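Here is what each chain is made of, one letter per residue.
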Amino acid sequence: MEKGTLVEFRVQGDRRLGVVDRPDGKTRWFVVDERGQSHSLAPRQLTYTVNGQTYKPADIPSFLSQVQTYLDPSSLEVAWEILVEDGETVTPSQMANLLFSESEPQHCYAAHCLLSDDKMYFKQKGDVYEPRSAAQVAERKHQIEVEAQKAKGQQEFLARVEQALQGESVEWQKPDRQRLEALEKYATFVADIVRMGINAETLVRNYPPPAPVLETMNMLGRSATPQAALQLLIDLGWWSPHENLFLRRSSIPVQFPSKVLEVAQQHLDFPPADLDTNRLDLTHLKVYTIDDESTTEIDDGLSCENLADGRQRLWVHIADPTRWLMPEDELDLEARKRGSTVYLPTGMIPMFPEVLATGPMSLVQGKICCALSFGVVLDESGAVEDYSIHPTLIKPTYRLTYEDVDEMLELGVQAEPEIEAIANLAQKRKTWRYNQGAISINMPEAMIKVKDDDISIDILDDSPSRQLVAEMMILAGEVAARYGQAHNIPLPFRGQPQPELPPEEELLQLPAGFVRFCALRRCMPKSEMSITPVRHAGLGLDTYTQATSPIRRYSDLLTHFQLKAHLRGEDLPFSAEQLKEVMMTVSTTTQELTMVERQTNRYYALEYLRRNPEEIWQVTILMWLREDSNLALILLEDLGLQLPMVFRRSVSLGEQVLVKVSIADPQKDIIQFQEIIYQEAVSG
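Source: prediction; values computed, not measured. (Residues numbered from 1 in each chain as written. Predicted model: local features only at pLDDT ≥ 70, side-chain atom pairs only at ≥ 80, totals over all residues. Heavy atoms only, no water.)

J.: Whenever I open this one, the overall build of the protein confuses me. Can you help?
T.: The helix and strand inventory of the protein stands at 21 helices and 25 strands. A compact globule built from 684 residues would reach a C-alpha radius of gyration of about 26 Å, whereas the protein, at 40 Å, exceeds it by more than 25%. With 684 residues in all, the protein has 46% of them scored as buried. At a minimum sequence separation of 6, the contacts of the protein that also span at least 24 residues come to 65%. A total accessible area of about 35000 Å² is found for the protein, and carbon and sulfur atoms account for 48% of it. (Helix = DSSP H or I, 4+ residues; strand = E, 2+ residues; numbered from the N terminus. Rg over C-alpha atoms; globule rule 2.2 N^0.38 Å. Buried < 20%, exposed > 50% of the residue type's maximum accessible area, 1.4 Å probe, protein only. Contact = heavy atoms within 4.5 Å. Areas by Shrake-Rupley, 256 points an atom, 1.4 Å probe, with all protein chains shown as cover.)

Below, the structure written as structure tokens:
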């Protein structure tokens with residue numbers, strides 16, 4: 001190659017011109033660029049040779065300046081249109097003649113630059129270029145348009161992200177939502193694994209993020225880990241800092257489909273015909289509804305009626321949602337899918353749309369309401385002597401809280417003798433059940449509420465009013481089950497196998513109270529559901545079903561469907577096999593609900609403790625989880641929380657100690673306590 005020849009070569013992908021200086025060995029050449037830098041190049045590294053004259057390195061800027069005036073990529077389209085029809089190949093020199101009607105070195109090099117950079121109209125084949133087909137060009141134009149749109153969309157997304165990060169209100173677009181939903185899925189999917197203690201590196205290695213997640217996180221300069229994805233969603237205001245990942249991972253629907261909401265509103269505006277045309281009118285009875293102040297779905301009320309023979313008849317009135325729906329209709333199928341109302345510290349997710357659940361389905365004070373009423377007369381021992389079940393009309397007289405009723409019982413309010421009468425009958429009933437073998441386990445239960453990011457924990461005490469209501473609900477459940485058994489009606493009966501309790505002398509060795517209750521609780525088998533009657537050992541009943549929360553529990557709704565059809569003399573809506581199938585589906589759903597409720601309560605319990613690191617708690621040691629490791633279950637008495645703790649000294653069951661939180665991380669489900677030991681200073 002002649003000294004002074006101008007050649008093109010690439011340095012890290014960048015196009016560069018240089019002048020051949022001298023040979024370097026047998027096959028290589030030293031080439032000097034415009035900066036005076038020397039490069040040793042093999043022939044294969046040379047991408048173009050400028051023919052026609054020799055140059056010096058100092059001539060390169062002037063040459064490039066001349067070339068620059070011809071670098072118009074759009075001119076290639078005209079050339080392509082001429083060449084494509086015959087599919088002719090073309091050299092840079094021929095292209096220079098076609099484009100510029102000249103073939104001087106600067107024109108040929110400009111044509112080479114245009115052709116080698118082109119990705120649309122021509123493809124290189126050796127030293128020549130072949131025009132792409134019309135179909136290929138159309139496809140490449142489409143790809144470029146798509147990529148341009150994508151790049152534009154990314155820039156707009158980044159701008160909206162910046163707005164959101166600065167706390168401004170953002171209207172997310174559909175593509176944005178798809179990106180954020182992909183982040184949601186990734187952060188949610190691996191949340192359980194994070195809680196199991198697997199570190200981020202292992203997680204990303206074993207569960208690599210999907211391409212959309214990787215692209216979004218890289219675009220924003222954040223690491224593509226689940227924790228980073230979760231934090232981004234929080235930073236953007238897409239998720240709250242305490243997003244309920246347990247709920248997100250579950251199949252629990254949070255919103256109602258629009259169709260179901262439409263049906264609910266139609267039923268509200270145009271009530272369906274009542275199938276129970278012969279409702280018993282009990283609007284003359286005084287009816288008390290007793291609930292927590294925050295309760296909005298009021299599904300039970302109580303009355304006490306004095307009979308002519310001196311006896312008293314208890315009435316347990318249960319809300320009648322089947323007045324508003326039919327088996328297999330939109331509302332029924334949606335309720336079945338949900339299984340139950342979900343109660344979380346942050347609020348509830350209802351089984352029915354609220355317009356119905358808190359309106360015409362509920363037993364609202366002062367309004368005539370449809371109910372399914374259980375009338376019961378007890379004998380002297382507290383056993384059911386006589387009962388009847390009726391679709392009724394009632395008019396709730398008073399809406400009372402548990403605190404109201406406790407106060408009325410304590411003060412012996414003369415104006416409401418029915419409250420005291422119901423309480424006395426409830427006590428008689430309780431005594432009878434324990435004589436039948438019922439087992440009492442009285443452990444404190446925490447009620448956790450979150451409002452405006454403020455967490456409160458109260459203990460659900462076993463007050464006289466709560467005991468009264470519980471006994472009345474159990475009584476209605478027994479009566480419903482007895483009716484089903486007597487008439488051979490398949491119902492979702494509930495039972496509990498007889499527990500194998502420790503010997504009396506073994507129990508007496510345990511400290512009385514919570515430790516003993518905890519030991520009993522461990523012996524209690526899980527309750528069971530069956531389409532045929534079965535004994536419930538824990539309640540001391542030979543037959544039992546739940547019928548008192550049909551607005552909130554689907555199994556109770558099934559009981560209502562079956563009982564009411566029989567009371568009307570109609571065919572049962574569910575055969576034994578159909579009922580069994582529905583019960584299995586609902587049982588699976590409610591197990592998931594229970595798990596989500598339990599996990600969410602635990603999360604907020606740990607978050608409450610994390611926020612109170614200096615608080616000193618009195619705890620009782622309930623039981624050993626691993627005695628050889630000094631790992632015990634403790635009860636925080638002021639909160640009703642039961643949590644694990646490792647002790648650094650020898651302790652005994654029932655011992656009361658003072659502790660404070662050392663570590664609490666609700667996201668990783670970690671809680672650790674340290675014991676506070678006060679030592680009196682002894683002066684010498």
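J.: Help me understand the packing of helix α5 (residues 134-165) against helix α9 (residues 211-219), please; the structure alone is not making it clear to me.
T.: Two numbers describe a pair of packed helices, the interaxial angle and the distance between the axes. Running from N to C, α5 and α9 cross one another at 60°; their axes reach a closest spacing of 11 Å. When the axes of α5 and α9 are compared, the pair comes out oblique. The two elements α5 and α9 cross, and the hand of that crossing is right-handed. Taken together, the residues of α9 that come into contact with α5 (itself represented by K150, Q154, F157 and L158) are E215, T216 and M219. The residue makeup of the contact of α5 with α9, split by class, is three nonpolar, two polar and two charged. (Axes fitted to C-alpha atoms, helices over the stretch in contact; angles between N-to-C directions. Parallel < 35°, antiparallel > 145°, perpendicular 65-115°, else oblique. Left-handed = near helix turned anticlockwise from the far one by under 90°. Nonpolar A, V, L, I, M, F, W, Y, C, P; charged D, E, K, R; others polar.)

J.: What's the story with helix α20 (residues 554-567) in this structure? I'm lost.
T.: Residues three or four positions apart in an α-helix share a direction because the helix packs 3.6 residues into each turn. Under the 1.5 Å per step criterion, the end-to-end length of α20 is 20 Å for 14 residues, consistent within 8% with the ideal 20 Å. Burial within α20 is extensive, with 12 of its 14 residues counted as buried. For α20, every residue scored as buried is listed here: Y554, S555, D556, L557, L558, T559, H560, F561, Q562, L563, K564 and A565. Phi turns positive one or two residues past the end of α20, at G569, with a value near 80°. (Expected span 1.5 Å × (residues − 1).)

J.: What am I meant to see in the UniProt feature "domain: RNB" (unreviewed entry) in the protein here?
T.: According to UniProt, the feature "domain: RNB" (unreviewed entry) maps to residues 279-569 in the numbering used here. Taken end to end, residues 279-569 has its terminal C-alpha atoms 14 Å apart, with 32% of it in helix and 25% in strand. (UniProt positions renumbered as here; feature names shortened; annotations may be inferred.)

J.: Can you walk me through the sheet that holds strand β4 (residues 38-41) in this structure?
T.: With antiparallel pairing, five strands are arranged side by side in an open sheet as β4-β3-β2-β1-β5. At either margin of the open sheet sits one strand with a lone partner, and together these are β4 and β5 (46-50). Going across the sheet, the axis of each strand differs from the next one's by a mean of 40°, ignoring polarity. Across four bridges, strand β3 (residues 28-33) lies against β4 in antiparallel orientation. (Pairing = 2+ DSSP bridges.)

J.: In this structure, what is going on with empty space enclosed by the protein? I would like to understand it.
T.: Where empty space is left can be seen by rolling a probe of water-molecule size over the atoms. According to the stated counting rule, one finds two cavities of 30 Å³ or more in the structure shown. Around the second largest cavity sit M408, L409, G412, V413, E416, I419 and E420, which together line it. Elements with a minimum of two residues in the lining of the second largest cavity: α15 (402-411) and α16 (417-435). Grouping the amino acids of the lining of the second largest cavity by side-chain chemistry returns four nonpolar, one polar and two charged. (1 Å grid on protein atoms, 1.4 Å probe; cavity = no way out; pocket = protein on both sides within 12 Å on 5 of 7 lines; lining within 4 Å. Points joined across faces, edges and corners; volume = space filled by probe spheres on them.)

J.: What's the story with unusual backbone geometry in this structure? I'm lost.
T.: Working note: non-glycine residues mostly have negative phi, and peptide bonds are mostly trans. The phi dihedral of Q12 is positive, around 50°, even though this residue is not glycine. You can see Q12 is positioned in the loop between β1 (6-11) and β2 (14-24). The phi angle at N488 is positive, at roughly 55°, despite the residue not being glycine. Structurally, the position occupied by N488 is in the loop between α17 (464-486) and β19 (493-495). By relative accessible area, N488 is classed as exposed at 69%.

J.: Honestly, the nonpolar core in this entry has me stumped. Any pointers?
T.: Across soluble globular proteins, you tend to see nonpolar side chains buried next to one another. Counting 38 residues, the largest nonpolar core has I290, F374, L468 and M472 as its most contacted members. Counting only elements with at least two residues in this core, the list comes to β9 (288-291), β10 (300-306), β11 (312-319), β14 (369-378), β15 (384-394), α15, α16 and α17. If near-sequence neighbours (up to four positions away) are discounted, L468 is found in contact with I290, L302, I419, I422, A423 and A426. (Core = buried A, V, L, I, M, F, W, Y, C linked by side-chain atoms within 4.5 Å.)

J.: Teacher, can you tell me more about α9 here?
T.: Those residues of α9 that sit buried are V213, T216 and M217. Each buried residue of α9 lies within a common arc of 95° when the element is viewed along its axis, so the set occupies one face. When the buried face of α9 is taken as reference, the exposed residues oriented beyond 90 degrees from it are A211 and N218. Residues of α9 that are buried make contact with α5, α6 (174-189) and α10 (226-235). The first or second residue beyond α9 is G221, which carries a positive phi of 70°. (Arc of directions from axis to C-beta.)

J.: What is the right way to look at the sheet that holds strand β22 (residues 631-636) in this model?
T.: The strands making up a sheet are joined through hydrogen bonds of the backbone, oriented either antiparallel or parallel. Taking strand neighbours across the sheet as the criterion, the five strands line up as β23-β22-β21-β24-β25 in an open arrangement whose pairing is antiparallel. Each end of this open sheet is capped by a strand with a single partner; those strands are β23 (641-646) and β25 (670-676). Direction aside, neighbouring strands of the sheet carry axes that sit 45° apart on average. Direction of pairing for strand β21 (residues 617-626) relative to β22: antiparallel, over a ladder of six bridges. Bridge pairing links R626 to L631 in β22.

J.: Hey, could you run me through a nonpolar patch on the surface in this one?
T.: Nonpolar side chains collect at one region of the surface, where V78, I82 and L98 lie side by side and expose about 250 Å² of accessible area between them. In this structure, L98 sits in helix α3 (residues 92-100). Using a relative accessible area of 34% as the deciding quantity, one classes L98 as partly exposed. (Patch = residues over 30% accessible without salt bridge, like charges linked within 9 Å, V, L, I, M, F, W, Y side chains within 5 Å. Salt bridge = Lys/Arg side-chain N within 4 Å of Asp/Glu carboxyl O.)

J.: Help me understand the confidence of the model for the protein, please; the structure alone is not making it clear to me.
T.: Low pLDDT means the predicted coordinates in that region are not meant to be read closely. The pLDDT averaged across the protein works out to 92; a share of 97% of its residues lies at or above 70. Between residues 680-684, whose pLDDT stays under 50, and residues either more than four places distant or in other chains, the model counts zero contacts. (pLDDT = per-residue confidence, 0-100.)

J.: How should I be thinking about the packing of helix α12 (residues 258-269) against helix α13 (residues 330-338) in this particular structure?
T.: For the pair α12 and α13, the least separation of the axes is 9 Å and the interaxial angle reads 130°. Comparing their axes, α13 and α12 come out oblique. In the packing of α12 onto α13, the handedness of the crossing is left-handed. Contacts between α12 and α13 involve K259, V260, V263, A264 and H267 on the former and, on the latter, E330, L331 and E334. Taken together, the residues of the contact of α12 with α13 break down into four nonpolar, one polar and three charged.

J.: Which parts of the structure should I look at to understand a negative patch on the surface?
T.: Taken together, the side chains of E293, E403, D404, E407, E410, D461 and D462 make up a negatively charged region of the molecular surface. Relative to the assigned elements, E293 resides in the loop between β9 and β10. On the basis of relative accessibility, which here comes to 69%, the residue E293 falls in the exposed class. (Lys, Arg positive; Asp, Glu negative; His and termini not counted. Charge placed at Lys NZ, Arg CZ, Asp CG, Glu CD.)

J.: Honestly, the packing of aromatic side chains in this entry has me stumped. Any pointers?
T.: Each aromatic ring pair is characterised by the separation of its centres together with the angle its planes make. In this structure the tally under the stated criterion is 12 aromatic pairs. Measuring from ring centre to ring centre gives 5.6 Å for Y48 and Y109, while their planes differ by 45°; the resulting arrangement is tilted. Separated by 61 residues along the polypeptide, Y48 in strand β5 and Y109 in helix α4 (residues 105-117) bring together distant segments of the chain. The exposure class assigned to Y109 is buried, which follows from its relative accessible area of 1%. Note on Y55 and F63: the rings are 5.6 Å apart at their centroids and 70° apart in plane angle, and the pair reads as edge-to-face. (Phe/Tyr/Trp six-rings, centres within 6.5 Å; stacked < 30°, edge-to-face > 60°.)

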